[in-house]
2 protein chains.
Amino acid sequence: MSKIIQASILPGFMELLPNDQVEFDHLKMIVEEEFKKFGYFPLDTPLIEKRELLLSKGGGETSKQIYNIENKSTDQSLRFDLTVPLARYVAMNENELAFPFKRYQIAKVYRGERNQRGRFREFYQADIDIVGRDKLSIYNDAEIPYTMYKIFKRLKIKGFSFHINNRKLLNGFLNILKIDDKEECLRTMDKMAKIGEDKVREILGNMKINEEKQDIILSLFEERTNEETLEFLDNFNKNNKDEVFAEGIQELKLVYLNMKAFGIEDECIKIDLGITRGLDYYTGSVYETFITGLEEVGSVCSGGRYENLASNFTKKTLPGIGLSIGLTRLYFILKEQDMIDFQEDENYIKALIIPMSEDKIPYAIDIVNLMRDKGVNSQIYFESGKMKKKFTYADKIKAKYAITIGEEEVKTNSLSIKNLTTGNQEKVAREDLIIHLNKN
Amino acid sequence: MSKIIQASILPGFMELLPNDQVEFDHLKMIVEEEFKKFGYFPLDTPLIEKRELLLSKGGGETSKQIYNIENKSTDQSLRFDLTVPLARYVAMNENELAFPFKRYQIAKVYRGERNQRGRFREFYQADIDIVGRDKLSIYNDAEIPYTMYKIFKRLKIKGFSFHINNRKLLNGFLNILKIDDKEECLRTMDKMAKIGEDKVREILGNMKINEEKQDIILSLFEERTNEETLEFLDNFNKNNKDEVFAEGIQELKLVYLNMKAFGIEDECIKIDLGITRGLDYYTGSVYETFITGLEEVGSVCSGGRYENLASNFTKKTLPGIGLSIGLTRLYFILKEQDMIDFQEDENYIKALIIPMSEDKIPYAIDIVNLMRDKGVNSQIYFESGKMKKKFTYADKIKAKYAITIGEEEVKTNSLSIKNLTTGNQEKVAREDLIIHLNKN
C-alpha cells in the first residue's frame, strides 16, 4: 500500500458539506432563473485565457493576483473576472451576435488575494451585461439594477440599497474644480470608507489640491436624501456651467426615475455621490449595493457602464453595461449572519425507501421508479443492517419521509410512510403514494 | 488608445455561440435533473488542488497532461478528473457524511491532450458516485447505469448500449491461465479496438504468453449474445475452479439481472468480456457505453467499482462505484451527427416587446414585469431605429413572439402579438396576455 496523504484543500477555497451545498446551489438557481426571465443568454467561456489578453487593460493589482499556468508555449492564465472574457467574446463573434447582446455568466474566477475572512481565492461571480453596437439606451442602466433587485427580493434579504452615481457627473465636477489628475482623485475618493476623511485630505493635499477644493470634494460625501442630492446637483450646475457635468446629472436622474418606474422602492435606492468605482474603467452609471446593517463588509453587487467595452480587441464602438454579484461572498455573509431564508423546501431528498429484507428490493425498485418518474428525489437504502441505522441515515440526509416495505406491505400492495419531521406514520395504498406525498 | 489585440481563445477549448450555449445548457440541465431525482447530492470541489494529492495514484499519462500553476509555495494543479477530488473530499469529511454517500458533480476538468477533433483540453464531466463505509451493496452496480439510461432516453438517443464486465472475473480468468502480470495483460486487452488483434497477440507474445493462452484470451472478444456469454462463463467455471472467477461471474450476473429489473431493455445491455478499463484501478464492475453506429468514437459514459476509493487518504475502507459522462464530447458528437432532439421548446426568449416610440416604454415596462413575474423569458427592445431592424433582432435571438406597442395599443389597453414562426398576428387585451402566450 502506498503511504497515506493528508486529505486537505488549499487555503482560500470554499468547499461545502452536502446540505450547505444544496443551499448554495439553491441560491445560484434563483439568480440564474431571474437572469433568464430578464432575457439574458447563457455564456460559458474557458477558464484559461491568453495572458496578454487578460492583462490588456493594464496590470496593476490584477497582474500581481493572477494565477499563471506553467510551461505552455503561449502564456496563459486563469481569468480573474468575467468582464474581460466577455469583451474578448463579443469582439471575436461580432458578426454572429445580435446587438444589444444580453448575456449572463455564473462562474468561478481566481485571484491570489491575501487570505482573510470572507475573501476567497476561488469564487463565483454572477454577471449580467448588455453590449450594444455604437449606442445603448439609458433604459438599460435602470433595468440592470432592477434584475438584481428582483434577486435580492427572492433571497428575502430584508434591507438592501443600490447606491448609484455617474462618472460623467464626477468628471464634470472635477473639471469645474480644475483637477488635473481626475483618475487619481477618483481612486482616492473610492478609498474614503476604508481610510477615512483625514487620510483622503492628506492624499488630495499631496496632489496640490487646496483646502477649499478639498471641502467641495468632500461635500459629495455628505448625508442627504435623494431629493436633497438632486437639488444639490441642480444648484451646483446652475452656478458652474460644464457640459459633461450637466450630461451626467441628466443621466443619473433618468436612471433614478426609471429604476423607480420598473418598481424599485425609493428606500432601496441611494443616489450616492461618493461612489466612484475608481479602480475600474467605467464612463457613465456606476453602482454599488449594500445590505442594511452590513455596510462595512462592502458592496455585494457592483458594476457600471463602459463607453467602449472591447476597445482593446476591436475598432468598433461597443458600449456595455453590467452588474456583478460576488456569489461566494454573498453566501458566506448570509450564512454567517444567519440570514438564509430563501429555501421553499428544506428537504432535498423527499423519501428514503427502506426494504425490510433483501427480497423486498424488487418491490422497492418499482416504487422508486414511480416516484422518480414523477420528479420526486428519492433513494432506496440497499445496505443490510439494523432499522435504527437506516432511520439514522434518513435523518442525516434530511429525507422528508421514510417509506418502509415489509411482508405486510408487499402482500397488501401498500407502503408505510413516516413523516420524519412530525413523526406521523401512515399506511398508504400504492396507487395513492404520489397524491399522499404531494398533499403533505 | 492602446493597440488592438487579436481576440481569440486557446486551441482545444470549446466556446459556443448563444443559441448553441442554450442547447448545451439544456443538455446539462437534463443530466442534473435526473441525478437529483436519483438522490445524489451536489458537490462543488475547488478546481485547483494540491498536486501531490492529485497524483497520489501514480503519475503515468496523467502527470504529463496535468496543468500546473506557476510559482506557489505549495505545488498546485488543475484537476484532471472528478474522482480524485471526491476521494479526497470523502476522506476529509468522513465523520460528517452519511454513508452510503451519493454525490453528483458536473464540472470542468483539464487535460493537456494532443489537440484533435472531438478531444478537448477543458471539458465537462458529469459524474455520479456512491461511496460506502466498509461495504456497498451490489444493487448500486445496477442502479448507477440505470440513472444514465434514463438520461440517454431523455436525450432521445436512438440506440445505445451499456457494455458491462467485471474485474474479478477477468482477474480470476487470468489466474486460471497462470498469467503473472495481470495488469499489463488487461491494459493490452483494453487496446484491442485501437490496435487490433495482431498487435495484441504480438504484445502478449512478448510477455511470454504462449499461443494457446493467447487464443483463450482472445476468445473473450468473440461475438456472443448475453445468454451465450453467461453460458460460456458457466462452462469455463465448471472446468476451471477459481474462487475469484466464480465470484466475478456471480456479481456480473446480479448486475445484469438487476439492470433489467430496474427497467433497462436487454438490447441496451451487452455483457462484453473484452471491456477491461485497463488504465483505471477498478476492482469489480466495469462499464463502457456506446452509441449505436458511433462505436468508433469510443465510450461516452464509463466507470466502475473500486474496492477502496480513498486508500491514499485514509486507512478506512470506503468502497465506491461511479459512472462519468464526458459531457462536452457527448455534445460535440450529437451536434456533429445532427442528433440533438431533446429540446421541448426551441425558443429561449419567449417574447421581444417593441415600443413604437420612447413614450411607450413605461407601458412596455408594465407588460414585461407582468410576463417575467409569470416566469416568461422576455425583453424590451429599448433602442431607437427602424421597425425592420427590430424584427430582425427578434429573429436573431429566436424570440417566439414580437409584441408591438403603439398609440392604439396604449389607448385600448391591449397588445399586438406576432408569432414569429407562423407569422400570425393578433390583437390581445392586456389581461389576456399570459393566457394567450400559454395556449400558443
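Residues numbered from 1 in each chain as written. Chains lettered and ligands numbered in written order. Predicted model: local features only at pLDDT ≥ 70, side-chain atom pairs only at ≥ 80, totals over all residues. Heavy atoms only, no water.

**Looking at the overall build of chain A**
Here comes step 1: Along its length, chain A carries 16 helices and 15 strands.
Here comes step 2: Across the 440 residues that make up chain A, the buried fraction comes to 59%.
Here comes step 3: A separation of at least 24 residues holds for 67% of the contacts in chain A among residues at least 6 apart in sequence.
Here comes step 4: Summing over all exposed atoms, chain A offers an accessible surface of approximately 18,800 Å²; the carbon and sulfur share of this is 46%.
Here comes step 5: Computing the positive centroid from 65 side-chain charges and the negative centroid from 71, chain A places the two 3 Å apart. (Helix = DSSP H or I, 4+ residues; strand = E, 2+ residues; numbered from the N terminus. Buried < 20%, exposed > 50% of the residue type's maximum accessible area, 1.4 Å probe, protein only. Contact = heavy atoms within 4.5 Å. Areas by Shrake-Rupley, 256 points an atom, 1.4 Å probe, with all protein chains shown as cover. Lys, Arg positive; Asp, Glu negative; His and termini not counted. Charge placed at Lys NZ, Arg CZ, Asp CG, Glu CD.)

**Some words on the side chain of Gln125(A)**
Here comes step 1: Tracing the backbone through its elements, the reader meets Gln125(A) in strand β5 (residues 122-131).
Here comes step 2: Not counting chain neighbours up to four residues away, the residues in contact with Gln125(A) comprise Asp81(A), Leu82(A), Gln105(A), Ile106(A), Ala107(A), Val109(A), Arg111(A), Ser324(A) and Ile325(A).

**Side note on the interface of chain A and chain B**
Here comes step 1: Between chain A and chain B, the contact holds 99 residues from the first and 100 residues from the second.
Here comes step 2: Buried surface at the junction of chain A and chain B, summed over both partners, amounts to about 9,000 Å²; 58% is from carbon and sulfur atoms.
Here comes step 3: Broken down residue by residue, the surface that chain A buries against chain B is led by Ile5(A), Phe41(A) and Arg372(A), which jointly contribute 8%.
Here comes step 4: Applying the counting criterion to the chain A and chain B interface returns 8 salt bridges. (Buried area = accessible area lost by both parts, 1.4 Å probe. Salt bridge = Lys/Arg side-chain N within 4 Å of Asp/Glu carboxyl O.)

**A word on the nonpolar core**
Here comes step 1: By size, the foremost hydrophobic cluster in this structure holds 117 residues, and its most contacted members are Met148(A) and Met371(B).
Here comes step 2: Filtering out sequence-adjacent residues up to four positions away, Met371(B) remains in contact with Ala351(B), Ile353(B), Val376(B), Ser378(B), Ile403(B), Leu433(B), Ile434(B) and Leu437(B).
Here comes step 3: By size, the runner-up hydrophobic cluster in this structure holds 116 residues, among which are Val368(A), Leu169(B), Phe232(B) and Val255(B). (Core = buried A, V, L, I, M, F, W, Y, C linked by side-chain atoms within 4.5 Å.)

**Section: unusual backbone geometry**
Residue and element names in this part refer to chain A.
Here comes step 1: Look at the link from phenylalanine 99 to proline 100: it is a cis peptide, with omega at 0°.
Here comes step 2: By the element assignment, proline 100 lies in the loop between α4 (83-92) and β4 (101-110).
Here comes step 3: The phi dihedral of lysine 208 is positive, around 65°, even though this residue is not glycine.
Here comes step 4: Counting through the fold element by element, lysine 208 comes out in the loop between α8 (192-206) and α9 (211-219).

**Notes on the sheet that holds strand β7 (residues 269-271) of chain B**
Residue and element names in this part refer to chain B.
Here comes step 1: With respect to topology, 8 strands assemble into an open sheet ordered β1-β4-β5-β10-β9-β8-β6-β7, the strand pairing being mixed. The open sheet is flanked by β1 (41-42) and β7, the only strands paired with a single partner.
Here comes step 2: Of the pairings in the sheet, the one linking strand β8 (residues 285-291) to strand β9 (residues 301-306) comprises 2 bridges and is antiparallel in character. Bridging across to β9, tyrosine 287 finds its partner in glycine 303.
Here comes step 3: Packing against the sheet, helix α5 (residues 140-154) makes contact with β4 (101-110), β5 (122-131), β6 (160-166), β8, β9 and β10 (320-326), and its axis sits at approximately 20° to β10. (Pairing = 2+ DSSP bridges. Axes fitted to C-alpha atoms, helices over the stretch in contact; angles between N-to-C directions.)

**Comments concerning the packing of helix α11 (residues 226-239) of chain B against helix α12 (residues 243-262) of chain B**
Residues and elements named next belong to chain B.
Here comes step 1: The contact between α11 and α12 brings their axes to 10 Å, and the two run at 160°. Accordingly, the angle class assigned to the pair α11 and α12 is roughly antiparallel. The handedness of the crossing between α11 and α12 is left-handed. For the pair α11 and α12, contact is made by Asn226, Glu227, Leu230, Leu233, Asp234, Phe236 and Asn237 and by Phe245, Ala246, Ile249, Leu252, Lys253 and Tyr256, respectively.
Here comes step 2: When grouped by side-chain class, the residues that make up the contact of α11 with α12 number 8 nonpolar, 2 polar and 3 charged. (Parallel < 35°, antiparallel > 145°, perpendicular 65-115°, else oblique. Left-handed = near helix turned anticlockwise from the far one by under 90°. Nonpolar A, V, L, I, M, F, W, Y, C, P; charged D, E, K, R; others polar.)

**Describing the relation of the copies chain A and chain B**
Here comes step 1: Rotating chain A by 180° about the axis while translating it 0.0 Å along that axis superimposes it on chain B, leaving an RMSD of 0.0 Å. The superposition of one copy onto the other is thereby described by a two-fold rotation axis.
Here comes step 2: Most of the interface of chain A is mirrored in chain B, where 100% of its interface residues are also at the interface. (Least-squares fit on C-alpha atoms with pLDDT ≥ 70 in both.)

**Considerations on the side chain of Ser77(B)**
Residues and elements named next belong to chain B.
Here comes step 1: On the secondary structure map, serine 77 appears in strand β3 (residues 76-78).
Here comes step 2: For serine 77, a relative accessible area of 0% corresponds to the buried category.
Here comes step 3: Within polar-contact distance, the side chain of serine 77 engages the side chain of arginine 51 at 2.8 Å.
Here comes step 4: Discounting residues that sit within four places of it in the chain, serine 77 has contacts with Leu47, Ile48, Glu49, Arg51, Leu54, Ile66, Tyr67, Asn68 and Ile69. (Polar contact = N/O pair within 3.5 Å; in protein donor to acceptor, adjacent residues only side chain to side chain.)

**Side note on the pairing of β4(A)**
Residue and element names in this part refer to chain A.
Here comes step 1: Counting buried residues along β4, 10 of its 10 residues qualify, which places the element largely inside the surrounding structure.
Here comes step 2: Neither face of β4 is open: one carries Phe101, Arg103, Gln105, Ala107 and Val109, the other Lys102, Tyr104, Ile106, Lys108 and Tyr110, and all of them are buried.
Here comes step 3: Here 2 bridges tie strand β1 (residues 41-42) to β4, and the two strands are oriented parallel to one another. Within β4, the residue paired with proline 42 across the bridge is tyrosine 104.
Here comes step 4: For β4 and β5, the ladder comprises 10 bridges, and the chain directions are antiparallel. Its bridge partner lying in β5, phenylalanine 101 is registered against valine 131.

**Overview of the sheet that holds strand β9 (residues 301-306) of chain A**
Residue and element names in this part refer to chain A.
Here comes step 1: In space, the 8 strands of this open sheet follow the order β1-β4-β5-β10-β9-β8-β6-β7, with mixed pairing throughout. Looking at which strands have only one partner, the edges of the open sheet turn out to be β1 and β7 (269-271).
Here comes step 2: Inspection of the sheet shows β5 paired to strand β10 (residues 320-326) by 7 bridges, in the antiparallel sense. Bridge assignment links isoleucine 130 to a residue of β10, and that residue is isoleucine 321.
Here comes step 3: Each of β4, β5, β6 (160-166), β8 (285-291), β9 and β10 is contacted by helix α5 (residues 140-154), which is oriented at about 20° to β10, the strand it contacts most.

**Overview of the packing of aromatic side chains**
Here comes step 1: What the rule picks out here adds up to 44 aromatic pairs over all chains.
Here comes step 2: With centroids separated by 5.7 Å and ring planes inclined at 20°, the aromatic side chains of Tyr146(A) and Tyr149(A) adopt a geometry described as stacked. With Tyr146(A) and Tyr149(A) both in helix α5, this residue pair falls 3 residues apart, about one helical turn.
Here comes step 3: For Tyr149(A), a relative accessible area of 7% gives the class buried.
Here comes step 4: Ring centres of Phe38(B) and Tyr146(B) lie 5.9 Å apart, and the angle between their planes is 65°; this geometry places the pair in the edge-to-face category. (Phe/Tyr/Trp six-rings, centres within 6.5 Å; stacked < 30°, edge-to-face > 60°.)

**Quick notes on the environment of Arg117(B)**
Residues and elements named next belong to chain B.
Here comes step 1: Here arginine 117 is to be found in the loop between β4 and β5.
Here comes step 2: Assessed through its relative accessible area of 62%, arginine 117 is described here as exposed.
Here comes step 3: Counting along the chain gives 292 residues from arginine 117 to glutamate 409, while the straight-line C-alpha distance between them is 53 Å.
Here comes step 4: With sequence-adjacent residues up to four places away left out, arginine 117 is seen in contact with Phe332 and Glu336.

**Describing helix α4 (residues 83-92) of chain B**
Here comes step 1: A large share of α4(B) lies buried, amounting to 9 of its 10 residues.
Here comes step 2: Listed as buried for α4(B) are Thr83(B), Val84(B), Pro85(B), Leu86(B), Ala87(B), Arg88(B), Tyr89(B), Val90(B) and Ala91(B).
Here comes step 3: The secondary structure elements touched by the buried residues of α4(B) are α1 (18-37) of chain A together with β2 (48-50), α2 (51-54), β4, β5 and β9 of chain B.

**Focus on the pattern of salt bridges**
Residue and element names in this part refer to chain B.
Here comes step 1: Under the definition given, this model contains 68 salt bridges over all chains.
Here comes step 2: As a salt-bridge pair, aspartate 266 and lysine 260 come within 3.2 Å of each other at their nearest N and O atoms.
Here comes step 3: Ionic pairing is found between lysine 360 and glutamate 407, a salt bridge with its closest N-O pair at 3.3 Å. Within this pair, whereas lysine 360 is found in the loop between β11 (351-355) and α14 (361-373), its partner glutamate 407 is found in helix α16 (residues 407-411), the two being separated by 47 residues in sequence.

**Considering helix α13 (residues 361-373) of chain A**
All names here are of chain A.
Here comes step 1: Between its terminal C-alpha atoms α13 stretches 18 Å, which fits the 18 Å expected from 13 residues at 1.5 Å a residue.
Here comes step 2: Three or more residues of α13 are buried, namely Ile361, Tyr363, Ala364, Ile365, Ile367, Val368, Asn369, Met371 and Arg372.
Here comes step 3: Among the residues trailing α13, glycine 375 stands out with phi positive, at a value near 80°. (Expected span 1.5 Å × (residues − 1).)

**Digging into the state of the cysteines**
Here comes step 1: Counted according to the given criterion, the structure contains 0 disulfides over all chains.
Here comes step 2: Of all cysteine sulfurs in the structure, the one in Cys268(B) sits closest to Cys301(B), which takes part in no disulfide; the separation is 13 Å. (Disulfide = S-S within 2.5 Å.)

**Here we look at the confidence of the model for chain A**
A low pLDDT means the predicted coordinates there should not be read in detail.
Here comes step 1: In this model, chain A carries an average pLDDT of 94, and 99% of its residues clear a pLDDT of 70 or more.
Here comes step 2: Both scores are given for the predicted complex: the pTM is 0.96, the ipTM 0.95. (pLDDT = per-residue confidence, 0-100.)

**A look at the environment of Lys400(A)**
Residues and elements named next belong to chain A.
Here comes step 1: Mapped onto the elements, lysine 400 comes out in the loop between α14 (387-396) and β13 (401-405).
Here comes step 2: Judged by its relative accessible area of 16%, lysine 400 falls in the buried class.
Here comes step 3: Residues lysine 400 and leucine 352, spaced 48 residues apart in sequence, show a C-alpha to C-alpha distance of 8.1 Å.

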